[in-house]
Amino acid sequence: MSFLNLIRWKNLLMIALVQLLIKYALLEPFGVQTTLNAFGITLLILATICIAAAGNIINDIYDIETDIVNKPNTIIIDKSISEKTAYNLFIILNLIGVGVGFYLSHLVGRAAFFSIFVIISILLYVYASYLKRTLLVGNIVVSILVGLSLIIVGIFELIPAMTLSNQHTQVLFFKVILDYTLFAFCINLLREIAKDIEDIDGDYKAGMNTLPIAIGRERAKHVLTVLNFFPLAGIIVYVVSDLYKQPISVGYFLLFIIGPLTYVSIKTFGASTKKEMHHISNMYKLIMLFGMLSLLLYKYVILN
């Protein structure tokens, strides 16, 4: 169980779920020409979650000092698992992820795609060891990496199967995946800032330069409240312009995305404790999940 918690198994499960939804809820129902069969998408998921798991481990290794202050009851490294064992797991998972990525890239006939896995692996290490300590850069980089876990499905599924005759359809569905990638990036960036506000004490002790440390907790909360309105406004525009004839879809977005984002904005403005910021961080994770689950509605939206 310690190993599962170390690799953040719930987050990895969400990655696998989203990649499956993109293939089987978005692409397959419309007969879009894809590259990967069941074995291929399994390999892509395996490569992605192995590299993500390795990133979670190296992040915990470099976060030991801050976690002693921020999360003393959830520390795993040097309690349940030694730092040496954790580092070995980091190397093994990276080798598996990059190795599977290498095989998959050659399987689809696009050897250059292998570089994506290498870049993600390197960025996760650089993020944990250096970028996480820099103002906003770490937040942005890790949010880009979260988005990459979605867009990589489009890269492997759509691009190798693209021809002159199906180019319009392939590009159309790639843009849909890109929209979800942008949503994931925005929500994760907001969550990263919320986590920084929550963890300000331990981060300050470790000499990190996060947004709340640079401008203060209260100002950081105000920035988060303002930033929250950008994805909120974007989703409202999408619902009004594209979904207004679909009452089920409108209801879903109002109840599970627009409503919670509005709630988070209000809650953030008045949050004053670490517990409240932790609750806001968890709300962003739920909003992310419900946003991805909306892929199940896409067939209904298009066909009507």
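All figures in this text were calculated on a predicted structure; none of them were measured in a lab.

Participant: Before we move on, could you go through the overall build of the chain and cite the residues and values that matter?
Facilitator: Within the chain, the regular secondary structure consists of 14 helices and zero strands. Element order for the chain, N to C, with α for helix and β for strand: α-α-α-α-α-α-α-α-α-α-α-α-α-α. Relative to a compact globule of 304 residues, whose C-alpha radius of gyration would be 19 Å, the chain shows 20 Å and is just as compact. For the chain, the spread of C-alpha atoms along the three principal axes comes to 60 × 45 × 30 Å. Counting all 304 residues of the chain, 49% fall into the buried class. Taken as a whole, the chain presents about 14500 Å² of accessible surface, with 69% of it coming from carbon and sulfur.

Participant: So what's going on with a nonpolar patch on the surface? Residues and values would help.
Facilitator: On the surface, Met-1, Phe-3, Leu-4, Trp-9 and Leu-13 cluster together to form a nonpolar patch covering roughly 500 Å² of accessible area. Listed by contribution, the elements that provide at least two residues to the nonpolar patch are helix 1 (2-6) and helix 2 (9-27).

Participant: Could you give an account of the packing of aromatic side chains, with specific residues and numbers?
Facilitator: In total, this model carries 11 aromatic pairs according to the counting rule given. With a centroid separation of 5.6 Å and an interplanar angle of 45°, the aromatic rings of Tyr-87 and Phe-90 are classed as tilted. Taken together, the positions of Tyr-87 and Phe-90, both in helix 5 (residues 83-107) and three residues apart, correspond to about one turn of that helix. Between Phe-117 and Phe-156, the aromatic rings sit 5.7 Å apart at their centres with planes inclined by 55°, giving tilted as the arrangement. In this pair, Phe-117 is assigned in helix 6 (residues 114-129) and Phe-156 in helix 7 (residues 137-157), connecting sequence segments 39 residues apart. Considered together, Phe-117 and Phe-156 belong to a single accessibility category, that of buried residues. The residue whose ring lies beneath Lys-23 is Tyr-24, and the NZ or CZ to ring-centre distance is 5.6 Å.

Participant: Help me get a handle on the environment of Lys-205, residues and values and all.
Facilitator: Inspection of the secondary structure assignment puts Lys-205 in helix 9 (residues 200-205). Sequence-wise, Lys-205 and Glu-65 are 140 residues apart; in three dimensions their C-alpha atoms are separated by 8.4 Å. When residues no more than four places from it in sequence are discounted, the contact partners of Lys-205 are Glu-65 and Val-69.

Participant: Just give me the short version of helix 12 (residues 247-270), but keep the residues and values in it.
Facilitator: Over its 24 residues, helix 12 runs 33 Å from end to end, which matches the ideal 34 Å to within 8%, given 1.5 Å per residue. When the local axis directions of helix 12 are compared, the greatest deviation, roughly 40°, occurs at Leu-254. When we look at burial in helix 12, the residues that qualify are Ser-249, Val-250, Tyr-252, Phe-253, Ile-257, Ile-258, Pro-260, Leu-261, Val-264, Ser-265 and Thr-268.

Participant: Hey, could you go over the layout of surface pockets for me, with residue numbers and the actual values?
Facilitator: In this structure, the second largest pocket occupies an estimated 450 Å³ of space. What lines the second largest pocket is a set of 18 residues, among which Asp-179, Phe-183, Gly-234, Ile-235 and Tyr-238 lie closest to the centre. Within the residue set of the lining of the second largest pocket, elements represented by two or more residues are helix 8 (167-198), helix 11 (217-242) and helix 12. The biggest single contributor to the lining of the second largest pocket is helix 11, with seven residues. Taken together, the residues of the lining of the second largest pocket break down into 13 nonpolar, three polar and two charged.

Participant: Can you explain the nonpolar core? Please cite residues and give values.
Facilitator: Side chains that are nonpolar tend, in soluble globular proteins, to be buried together. Residues Ile-22, Leu-26, Leu-44, Phe-156 and Tyr-284 are the most contacted members of the largest nonpolar core, which totals 73 residues. Counting residues per element, this core draws most heavily on helix 8, at 11 residues. If sequence neighbours within four positions are ignored, Leu-44 has contacts with Gln-19, Leu-36, Leu-104, Phe-117, Ile-152, Val-153 and Phe-156.

Participant: Can you explain helix 11? Please cite residues and give values.
Facilitator: Taking 1.5 Å of rise per residue, the 26 residues of helix 11 would be expected to cover 38 Å, and the 38 Å separating its terminal C-alpha atoms lies within 8% of that figure. Taken residue by residue, helix 11 has Ala-220, Lys-221, Leu-224, Thr-225, Asn-228, Pro-231, Leu-232, Ile-235 and Val-239 as its buried positions. Looking at the buried residues of helix 11, the elements they touch are helix 8, helix 10 (211-215), helix 12 and helix 13 (274-293).

Participant: Before we move on, can you summarise the side chain of Glu-198 with the specific residues and values?
Facilitator: Looking at where Glu-198 falls in the secondary structure, it is placed in helix 8. Buried within the structure, Glu-198 lacks any salt-bridge partner; its nearest side chain of opposite charge belongs to Lys-274, at an N-O separation of 4.5 Å. A polar contact is formed between the side chain of Glu-198 and the side chain of His-278, at a distance of 3.0 Å. Look past the residues within four positions of Glu-198 in its chain and what remains in contact with it is Lys-274, Met-277, His-278 and Ser-281.

Rules used throughout
- Residues numbered from 1 in each chain as written.
- Predicted model: local features only at pLDDT ≥ 70, side-chain atom pairs only at ≥ 80, totals over all residues.
- Heavy atoms only, no water.
- Helix = DSSP H or I, 4+ residues; strand = E, 2+ residues; numbered from the N terminus.
- Rg over C-alpha atoms; globule rule 2.2 N^0.38 Å.
- Buried < 20%, exposed > 50% of the residue type's maximum accessible area, 1.4 Å probe, protein only.
- Areas by Shrake-Rupley, 256 points an atom, 1.4 Å probe, with all protein chains shown as cover.
- Patch = residues over 30% accessible without salt bridge, like charges linked within 9 Å, V, L, I, M, F, W, Y side chains within 5 Å.
- Salt bridge = Lys/Arg side-chain N within 4 Å of Asp/Glu carboxyl O.
- Phe/Tyr/Trp six-rings, centres within 6.5 Å; stacked < 30°, edge-to-face > 60°.
- Lys NZ or Arg CZ within 6 Å of the ring centre and 35° of its normal.
- Contact = heavy atoms within 4.5 Å.
- Expected span 1.5 Å × (residues − 1).
- Bend = angle between axes of the 7 residues up to and from the residue.
- 1 Å grid on protein atoms, 1.4 Å probe; cavity = no way out; pocket = protein on both sides within 12 Å on 5 of 7 lines; lining within 4 Å.
- Points joined across faces, edges and corners; volume = space filled by probe spheres on them.
- Nonpolar A, V, L, I, M, F, W, Y, C, P; charged D, E, K, R; others polar.
- Core = buried A, V, L, I, M, F, W, Y, C linked by side-chain atoms within 4.5 Å.
- Lys, Arg positive; Asp, Glu negative; His and termini not counted.
- Polar contact = N/O pair within 3.5 Å; in protein donor to acceptor, adjacent residues only side chain to side chain.

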